[in-house]
Amino acid sequence: MKRILWTLSSVLAAVGIAAAALVTLNLRGEEPLPAAETLQSTPALVARGEYLARVGNCMACHTTQGGAPFAGGRGIETPFGVVHTSNLTPDPAQGIGSWTSAEFWRAMHHGRSKDGRLLYPAFPYPNYTQVTRADSDAIFAYLRSVPPASEPNRAHALRFPYSTQAALGVWRALFFAPGAASTAGDSASTKTAEYDRGAYLVNGLGHCTACHTPRNALGATADAKAFNGGLIPVQNWYAPALNAAAEAGVKEWATDDVVALLKTGVAPHGSVLGPMAEVVFRSTQYLTDADARAMAVYLQALPQQAARATPAPYTAPPAAAMARGGKVYEQQCAQCHGDAGQGQAGAFPALAGNRAVLLADPTNTVRVVLQGGYLPATAGNPRPHGMPPFQQTLGDEDVAAVTTFVRNSWGNRAPGVGTIEVYRARERRGM
């Protein structure tokens, strides 16, 4: 009996020590909150906060279609269930009307809510932790100025054990350190104030690594793989690598072209589609010229991925697939993209030599064929051309064939696409 009690007490002691360590790790760097509000809001501070909220693309997640701005309620699908965004309006009961700027800063910097709860990283506080207190205060001042909405906060729908604060605490202990500045873009070249500003915007409010970095089985990213590209969980769009010329790297572009892509969605060497089109529409088109240039300078300075020592051998697709795809292309695509995939300048992108078409992962190309491709309407490109969806008119075999044809014509060389890959794209399943 004594042995059993000793074993039990040892287990309980170990659990207690582990729990204490977990709490300590999740409280690291936090300071006691001041008892009263100290922030003095001004019109200039509110205006700056509005701009910064656009840079962070806050409205995209915290506003439902047709709902009140920042009233929350949008469901963010994750591999672990659905996280519903919170009400950020100044409503005192449902929103942040009873919050202080210090409590808002704690949410941004430490990922902890007003009541002390740990927040889920669907709210990208692993990036926002790099935002300065001054910028956090400006965003808070702006959010306190928007019309209040009494939209109730919806409970998350996460599977056990991911629904527990204990599991979230373990995740944070493993993968989150508050205030750690990212070194993902460090370069051997001499830093400039413009580079530093770009790094701050890209890694902080811009949270670009949240999509353009692969995630592990627990949904975490790592600086060592930052900007290497990755499939966006559940959405199943591939966010191409920003540090590889063959994907979405811009190191060799003219800086003005990178600025144009961020602010208009189109540039001589590429355009944005899918989730990035929404980012440009809601966020980056509103960047000041100076901030857009700073981001461009930083992105061009990213250390590039090492090229593969031995590229994968090329295998020509079956002649039957190419013939079928060529017929579909002639009937459905050539009118806009040209008989030789040359496109039309200022209207329809060229497909010959198009690196988005040639990605090793064909997910995006298949999804554009199925769902259409739409550029964002921006001040610099107010009436963009779009591509209609073909998911109702083309079967899986035709979509696979035409995608294979486009990826292997006019000098293009890329793996063919099978019907199973089209099926997975229709169902939003990973390749």
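Owing to the predicted nature of the structure, the values given are computational and were not obtained by experimental measurement.

(A) Local environment of the overall build of the chain. From N to C terminus, the chain includes 17 helices and nine strands. For the chain, contacts bridging at least 24 residues in sequence account for 65% of all contacts bridging at least 6.

(B) How the structure looks around the packing of aromatic side chains. A complete count under the given rule lists 12 aromatic pairs for this structure. Ring plane angle 45° and centroid distance 5.5 Å describe the contact between Tyr329 and Phe405, whose orientation is recorded as tilted. Within this pair, whereas Tyr329 is found in helix H13 (residues 319-332), its partner Phe405 is found in helix H16 (residues 396-406), the two being separated by 76 residues in sequence. Taken individually, Tyr329 and Phe405 each receive the classification buried, so the pair is uniform in this respect. Through a chain of ring-to-ring contacts, the aromatic side chains of Phe123, Tyr125, Tyr128 and Phe176 assemble into a single cluster. Positioned above the aromatic ring of Tyr286 is the side chain of Arg54, whose terminal nitrogen or guanidinium carbon lies 4.0 Å from the ring centre.

(C) Region of interest: the sheet that holds strand S1 (residues 75-78). Spatially, the three strands line up as an open sheet ordered S1-S2-S3, and their pairing is antiparallel. The sheet is open, and its two edges are formed by S1 and strand S3 (157-158), each paired on a single side. Where strand S2 (residues 81-84) lies against S3, two bridges are found, and the strand directions are antiparallel. When the bridges of S3 are listed, Gly81 appears paired with Leu158.

(D) Main features of the pairing of S1. Burial along S1 is one-sided: Ile76 and Thr78 are buried, and none of Gly75 and Glu77, which face the opposite way, are. Bridge count between S1 and S2: four bridges; the pairing is antiparallel. The residue of S2 that forms the bridge with Thr78 is Gly81.

(E) Structural detail: the state of the cysteines. What the rule picks out here adds up to zero disulfides. No disulfide involves Cys61; its sulfur sits 8.7 Å from the nearest other cysteine sulfur, which is in Cys58. Cys336 supplies the cysteine sulfur nearest to Cys333, a cysteine that is in no disulfide, at a spacing of 8.7 Å.

(F) Representation of the nonpolar core within the structure. Residues Leu143, Leu205, Phe227 and Tyr298 are the most contacted members of the largest nonpolar core, which totals 63 residues. Listed in part, the 19 residues of the second largest apolar core include Cys333, Val366, Leu370 and Val402.

(G) Quick look at the pattern of salt bridges. Per the counting criterion, the structure on display carries 13 salt bridges. Among the ionic pairs, Arg197 bridges to Asp291, the shortest N-O distance being 2.9 Å. Residue Arg197 is located in helix H8 (residues 193-203), and its partner Asp291 is located in helix H12 (residues 289-300); the two are separated by 94 residues in the primary sequence. Judged by its relative accessible area of 7%, Asp291 is buried. Sharing partners across several salt bridges, the network here consists of Arg74, Glu278 and Arg282.

(H) Summary view of the packing of helix H10 (residues 255-264) against H12. Between H10 and H12, whose axes approach to 9 Å, the crossing angle comes to 120°. Judged by the twist between their axes, the crossing of H10 over H12 is right-handed. Residues Thr255, Asp256, Val258, Val259, Leu262 and Lys263 of H10 touch H12, and the partners they reach there are Asp289, Ala292, Arg293, Met295, Ala296, Val297 and Gln300. Classifying every residue of the contact of H10 with H12 by side-chain character gives seven nonpolar, two polar and four charged.

(I) Representation of the side chain of Asn57 in the model. Along the chain, the position of Asn57 falls in the loop between helix H2 (43-55) and helix H3 (58-62). A relative accessible area of 15% places Asn57 in the buried class. Apart from the residues within four sequence positions on either side, Asn57 is in contact with Val279, Arg282 and Ser283.

Cut-offs and rules
Residues numbered from 1 in each chain as written. Predicted model: local features only at pLDDT ≥ 70, side-chain atom pairs only at ≥ 80, totals over all residues. Heavy atoms only, no water. Helix = DSSP H or I, 4+ residues; strand = E, 2+ residues; numbered from the N terminus. Contact = heavy atoms within 4.5 Å. Phe/Tyr/Trp six-rings, centres within 6.5 Å; stacked < 30°, edge-to-face > 60°. Buried < 20%, exposed > 50% of the residue type's maximum accessible area, 1.4 Å probe, protein only. Lys NZ or Arg CZ within 6 Å of the ring centre and 35° of its normal. Pairing = 2+ DSSP bridges. Disulfide = S-S within 2.5 Å. Core = buried A, V, L, I, M, F, W, Y, C linked by side-chain atoms within 4.5 Å. Salt bridge = Lys/Arg side-chain N within 4 Å of Asp/Glu carboxyl O. Axes fitted to C-alpha atoms, helices over the stretch in contact; angles between N-to-C directions. Left-handed = near helix turned anticlockwise from the far one by under 90°. Nonpolar A, V, L, I, M, F, W, Y, C, P; charged D, E, K, R; others polar.

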